[in-house]
Amino acid sequence: MKIAVIKYNSGNVQSVLYALQRLGANAELTDDPEVIRAADKVIFPGQGEASTAMRYLKERKLDQVISDIKQPFLGVCLGLQLLCEHSEENDTECLGIFPVKVKRFVPENSQEFKVPHVGWNELENLADNLLLKDLPANPFVYYVHSFYAELSDLTIAQTHYIHDFSAMLHRDNYYAIQAHPEKSGLVGEKLLANFLSL
Amino acid sequence: MLTKRIIPCLDIKDGRTVKGVNFVELRDAGDPVELAKIYSDEGADELVFLDITATVDKRKTLADLVTKVAKAINIPFTVGGGISTVEDVKFLLNAGADKISINSAAVHNPQIINEMAAEFGSQCIVVAIDTRNIDGIDFVHTHGGRKATLLKTQAWAQEVCDRGAGEILLTSMDHDGTKAGFSNELLAEISSALPIPVIASGGAGTMAHFRDVFTFGKADAALAASIFHFKEIPIPELKGYLGNEGVSIRK
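Residues numbered from 1 in each chain as written. Chains lettered and ligands numbered in written order. Predicted model: local features only at pLDDT ≥ 70, side-chain atom pairs only at ≥ 80, totals over all residues. Heavy atoms only, no water.

Take the UniProt feature "active site" (unreviewed entry) in chain A next. Residues and elements named next belong to chain A. Following the UniProt record, the feature "active site" (unreviewed entry) maps to C77, H180 and E182 here. Annotated residues spanning 106 residues; largest pairwise C-alpha distance 10.8 Å, indicating a single compact cluster. For C77, the location among the structural elements is in the loop between β4 (73–76) and α5 (78–83). When its relative accessible area of 5% is taken as the criterion, C77 is described as buried. (UniProt positions renumbered as here; feature names shortened; annotations may be inferred. Helix = DSSP H or I, 4+ residues; strand = E, 2+ residues; numbered from the N terminus. Buried < 20%, exposed > 50% of the residue type's maximum accessible area, 1.4 Å probe, protein only.)

In structure tokens form, the structure reads like this:
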């Protein structure tokens, strides 16, 4: 099985590659449209700032490659946000795969809720979805983010921080998770393994 | 619900763990990768590696270690010790670290916090602050707590936050090594004043100390070393206790 991990100007994709290696999968880090189109599975990791990342993708025409892709596709963290319609982070038009808006966490009480949302939090209201197969009830995943996707019909798991938000989204061949599965212990490994089995 | 984090800290010298470790399962008590794996399997929420050699020529050894750890464990980890430039940070993040921690370098050149946060994002920049109370006032110390500065701890914490630090690791030199509990008053003051997470360090001795630092101390995470290394407090037991005490914790 060929797995392409999309290379762009985002931080620490190395840990995604290591997580895939632990599952026995060999992934290639690439920004070559041909390699991405020919892969069996595509992973779109991310960490960083939305507008810079979108500009980078457009300059390399990777936005079109991502929009046209037919094989199972997984966006992670910033990857989830870029698959949405629009992000409040520097007022950025994103890829629009999910008709969902990305907003900044605004705590009413900064003593109780800090931003970024850092640490382990629960996935709740899990949908009957292949990506969530055989997960324990309300599993914990590791988060580091200041922006979140709103709840929508495409939400397949939600998390509560300040309010409920889309922890995971799914439409057609596109899947996305806001947390970092590569850093989420056995739960994260199971999520990645489920994606590889799609 | 977002949970409070339990963070074991491993001191590293020349690529090996130092200070005593007392794990019967370990084949080699000095191997940081093996120790990291055990903590990760036991339910530690994160790990911190503190390089106490931290000289330039040892950097390569540290980067190799960071890569081995990143390949072996599936929880986040922070690397600190002697990091002073944007290049240092890039080197360690590329090697596989999730976050880096800076301390003395930030005091000497505060602008470096802005530069690192702009380059890599606040989420991976932890500023460690060593503090000691002198005649009722909390002052920042550097060089592993040996050198006093004129910076007041509360003001410095606010400044590093404003400059883009993603988290603060606050070590009370007055409490460190005493096993008499964390510096809850100071922690609560700083954690309440700042919009970013605060990791408490120094003074852990009993399970009740962890409960207190999360409730009275308002800490978002608590770090400890020897009580974990010597199995005085096993992590699964600590987490069971905190859960029973009503602290939100990852099981």
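Let us now look at the UniProt feature "active site" (unreviewed entry) in chain B. UniProt tags D11(B) and D130(B) as "active site" (unreviewed entry). Within the element layout of this structure, D130(B) appears in strand β6 (residues 125–134).

Judged by nonpolar contacts, the single largest core of 78 residues is most densely connected at L47(B), F77(B) and F210(B). Top element by residues in this core is helix α2 (residues 59–72) of chain B. It accounts for six residues. Discounting residues that sit within four places of it in the chain, F77(B) has contacts with K183(A), L47(B), F49(B), V66(B), V69(B), A70(B), G96(B), A97(B), D98(B) and K99(B). By size, the runner-up hydrophobic cluster in this structure holds 35 residues, among which are I3(A), L20(A), C77(A) and A157(A). (Core = buried A, V, L, I, M, F, W, Y, C linked by side-chain atoms within 4.5 Å. Contact = heavy atoms within 4.5 Å.)

Moving on: the interface of chain A and chain B. It is common to report an interface's size as the accessible area lost on association of the parts. Contacts between chain A and chain B engage 28 residues on the former and 36 residues on the latter. Overall, the association of chain A and chain B removes approximately 2500 Å² of surface from exposure, summing both partners, and the carbon and sulfur fraction of that is 53%. Of all residues in chain A, the largest losses of buried area upon contact with chain B belong to K114(A), W120(A) and K183(A), amounting jointly to 29% of the total for that side. The tally of links from chain A across to chain B stands at two salt bridges. Between D220(B) and K114(A) there is a salt bridge whose closest N-O contact spans 2.9 Å. (Buried area = accessible area lost by both parts, 1.4 Å probe. Salt bridge = Lys/Arg side-chain N within 4 Å of Asp/Glu carboxyl O.)

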